[in-house]
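Summary of structural features
These are the residues of each chain, in order.
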Amino acid sequence: MKNTPLLEDLRLFCLVAHKASFAATALELGISKAVVSKRIGMLEDALQTRLLHRTTRRVSVTDHGNIVRQWAQRILEDVAQMGDAVAQSKLQPQGMLRICSSSGFGRNRLGPALSALARQYPQLNIQVELLDRPVDLLGEGFDLDIRVGVVQEPDLIAHRIASNQRVLCAAPAYLARHGAPTTLAQLSEHQCIVIRERDQDGRRWKLQGPQGQETVKVDGPLSANNGEIVHQWALDGHGIILRSAWDVAGSLAQGKLVRILPAYHQAADVWAVTTSRLSNSAKVRVCVQFLEQWLQARNQ
């Protein structure tokens, strides 16, 4: 190694590796593509190895690049935690806070909450990405993943910040045409509108009922990866949906949707998911506590 790499160049390299594009990296950072290329070249020169394979359409990480990326992420985490330790003494969280969530919850719940958080803590730089796919928190550089549903990864720490459940409902027009199911098994005979989120099997509905957890396989001509579209299709009378009680409360109260099989529900608690190393971060802890209080105040 000829020279000690600069922290900013390591951070830049991790972003290029994540986006697989010099142009996308330059756009996000507000600098030119030439500057990105030059700084990556300087980092490769300092480390005396090629970090990226370059083509006209995209870039990919070399084997040596993967090693550097892993070490760079650890180094940048340690530097961020050092900053957090200093920030704790000031009682004022600061710095970049990267958060991801699903699109529907992110727009309808998380967005307004983070707006309030930003007003209270102006020294935080909050960056949100709405992703309807599984997320690698550490690999993609996120501090927090706000999820609705079950957290299955044993290597992550999950903090429940709100209680919620999904319920079955349909429009009166659909029920007038097809009748209402009286047993869970009868759902398989109905047109159900399926939502696909984060690679989950949307056609197998697991619900809690009088006999404990039961599973029913459902089907129908319509499916989407967006909850707002699914909600609208249900209002239009296309079929039965399994949606968060928060999302459909207004439609149920107005009679636009009718709850069916009320003895059944699906757990849909809201979780703030972090990695073990980031769980002690001041900015993450403040954000989790704020979201918990904000959601509780609006869903009592």
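From a predicted model like this one, the values you see are computed outputs, not experimental measurements.

A full pass over the atoms with the stated rule returns one aromatic pair. With 6.3 Å between their ring centres and 25° between their planes, Phe105 and Trp246 make a pair best called stacked. Taken together, the residues span a long stretch of sequence, with Phe105 in helix 5 (residues 103–120) and Trp246 in helix 9 (residues 245–253) at a distance of 141 residues. The burial state of Phe105 is the same as that of Trp246; both residues are buried. Sitting over the ring of Trp71, Arg74 keeps its end group 4.4 Å from the ring centre. One Lys or Arg, Arg98, reaches over the ring of Phe142 and ends 4.3 Å from the middle of that ring.

Phi at Ala20 takes a positive value of approximately 55°, unusual for a residue other than glycine. Within the fold, Ala20 resides in the loop between helix 1 (7–19) and helix 2 (22–29). The backbone of Gln48 shows a phi angle near 60°, a positive value even though the residue is not glycine. Secondary-structure assignment places Gln48 in the loop between helix 3 (33–47) and strand 1 (52–54).

Right, let's talk about the confidence of the model for the chain for a bit. Taken as a whole, the chain shows an average pLDDT of 89; of its residues, 93% reach a score of 70 or greater. Element-level pLDDT for the chain is lowest in helix 4 (residues 63–90), with a mean of 81, against a maximum mean of 98 in strand 13 (residues 258–259).

Reading across the sheet, the five strands line up as 4-3-5-15-6 and stay open at both edges, with mixed pairing between neighbours. At either margin of the open sheet sits one strand with a lone partner, and together these are strand 4 (124–130) and strand 6 (156–162). Each neighbouring strand pair of the sheet contributes to a mean axis angle of 25°, computed without reference to strand direction. Lying over the sheet, helix 5 contacts strand 3 (95–101), strand 4, strand 5 (144–148) and strand 15 (270–275), oriented at roughly 175° with respect to strand 4.

What counts, and at which threshold
Residues numbered from 1 in each chain as written. Predicted model: local features only at pLDDT ≥ 70, side-chain atom pairs only at ≥ 80, totals over all residues. Heavy atoms only, no water. Phe/Tyr/Trp six-rings, centres within 6.5 Å; stacked < 30°, edge-to-face > 60°. Helix = DSSP H or I, 4+ residues; strand = E, 2+ residues; numbered from the N terminus. Buried < 20%, exposed > 50% of the residue type's maximum accessible area, 1.4 Å probe, protein only. Lys NZ or Arg CZ within 6 Å of the ring centre and 35° of its normal. pLDDT = per-residue confidence, 0-100. Pairing = 2+ DSSP bridges. Axes fitted to C-alpha atoms, helices over the stretch in contact; angles between N-to-C directions. Contact = heavy atoms within 4.5 Å.

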